[in-house]
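Breakdown of the fold
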2 protein chains.
Amino acid sequence: MSTHEKFMDEALKEAHKALAKDEVPIGAVVVCDGKIIARAHNLTETLNDPTAHAEMQAITVATNTFGGKYLNNCTLYVTLEPCPMCAAALNWAQLKALVYGASDPKRGYTLFEPTLLHPKCEVIKGINADKCGEIVSGFFKRKR
Amino acid sequence: MSTHEKFMDEALKEAHKALAKDEVPIGAVVVCDGKIIARAHNLTETLNDPTAHAEMQAITVATNTFGGKYLNNCTLYVTLEPCPMCAAALNWAQLKALVYGASDPKRGYTLFEPTLLHPKCEVIKGINADKCGEIVSGFFKRKR
């Protein structure tokens, strides 16, 4: 298992925590110097807050950990392609690298131009994409 | 003074609170049925959190007040044109109407297409634009 797959599995564990709360199952971890410094999952229903996406909370936890506003030495792993809000937030945080699992062709940030991410942010996609996508599609199938 | 100007003045009061904390001076209020239900100002430095924009906090406070995720009966007044993160957050919140003061030609959400706001969100701009813009430009001039 590659390092990216290992950390994406940790993000998936967070997605499963969201699922257990009947939240849209999306999870994220922030990695700095090979260590996880923040874990988070979607909590929009629990908190009644449409901004409480996994990535937003991961940013808040990670920046709190550092005591600084920037994540320019960090990689964020998230199970689903970030939405525009989260991509723009990762831009403000000057995130070094973004790794995501499944793409989101309906709500993903890549629908928007010019890019919402910081131009220096490295992007890797498709890590554990099947598992990351199936947990979300299964959730919505059961809701129908 | 029009209703829009009156509420924008309240958002400006929030911007002045940010200024007093040496934050980029941006303020916001959320109005529902003619009443202010949330007030917030930029706190990115104070909280060491790049997501702590006035609008994001206003959304969180307002949705907490309602105990629901949506602001589809609310108007947000903010002194500066929202950034992409905040516009996309207002989209998730299904905000009814956005009123902003000064435009932000460098970081404003209107640089992005397709629109980041919810298509049904009414937008009014330029309310008290001079005062709203001057507080920000004055802040950055003093920082140089």
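Read on for a plain summary of the structure. (Residues numbered from 1 in each chain as written. Chains lettered and ligands numbered in written order. Predicted model: local features only at pLDDT ≥ 70, side-chain atom pairs only at ≥ 80, totals over all residues. Heavy atoms only, no water.)

Take the interface of chain B and chain A next. Of the residues lining the interface, 30 residues belong to chain B; the matching set on chain A comes to 30 residues. With both sides pooled, the region where chain B packs onto chain A buries about 2,400 Å², and carbon together with sulfur makes up 65% of that total. Considering only the side of chain B, the residues that lose the most area to chain A are B:Pro50, B:Lys69 and B:Trp92, jointly responsible for 28% of the buried surface there. Here B:Glu45 ties to A:Lys69 by a salt bridge, and the two come within 2.8 Å at their closest N and O atoms. At the junction of chain B and chain A, the tally comes to nine residue pairs in polar contact (both at pLDDT 80 or more). Of all the secondary-structure elements, those providing two or more residues to the side of chain B that touches chain A are helix H2 (54-66) and helix H3 (84-92) of chain B. Each residue belonging to the side of chain B that touches chain A can be placed in one class, and the counts come to 15 nonpolar, ten polar and five charged. (Contact = heavy atoms within 4.5 Å. Buried area = accessible area lost by both parts, 1.4 Å probe. Salt bridge = Lys/Arg side-chain N within 4 Å of Asp/Glu carboxyl O. Polar contact = N/O pair within 3.5 Å; in protein donor to acceptor, adjacent residues only side chain to side chain. Helix = DSSP H or I, 4+ residues; strand = E, 2+ residues; numbered from the N terminus. Nonpolar A, V, L, I, M, F, W, Y, C, P; charged D, E, K, R; others polar.)

Looking now at the relation of the copies chain B and chain A. Each copy of the chain is related to the other by a rotation around an axis and a translation along that axis. Superposing chain B onto chain A requires a rotation of 180° together with a translation of 0.0 Å along the rotation axis, leaving an RMSD of 0.0 Å. Taken together, the turn and the small shift mark the pair as related by a two-fold rotation axis. Among all residues of chain B, the one whose C-alpha sits closest to the rotation axis is B:Met85, at a distance of 2.1 Å. Interface residue correspondence from chain B to chain A reaches 100%, placing this contact among same-surface, isologous pairings. (Least-squares fit on C-alpha atoms with pLDDT ≥ 70 in both.)

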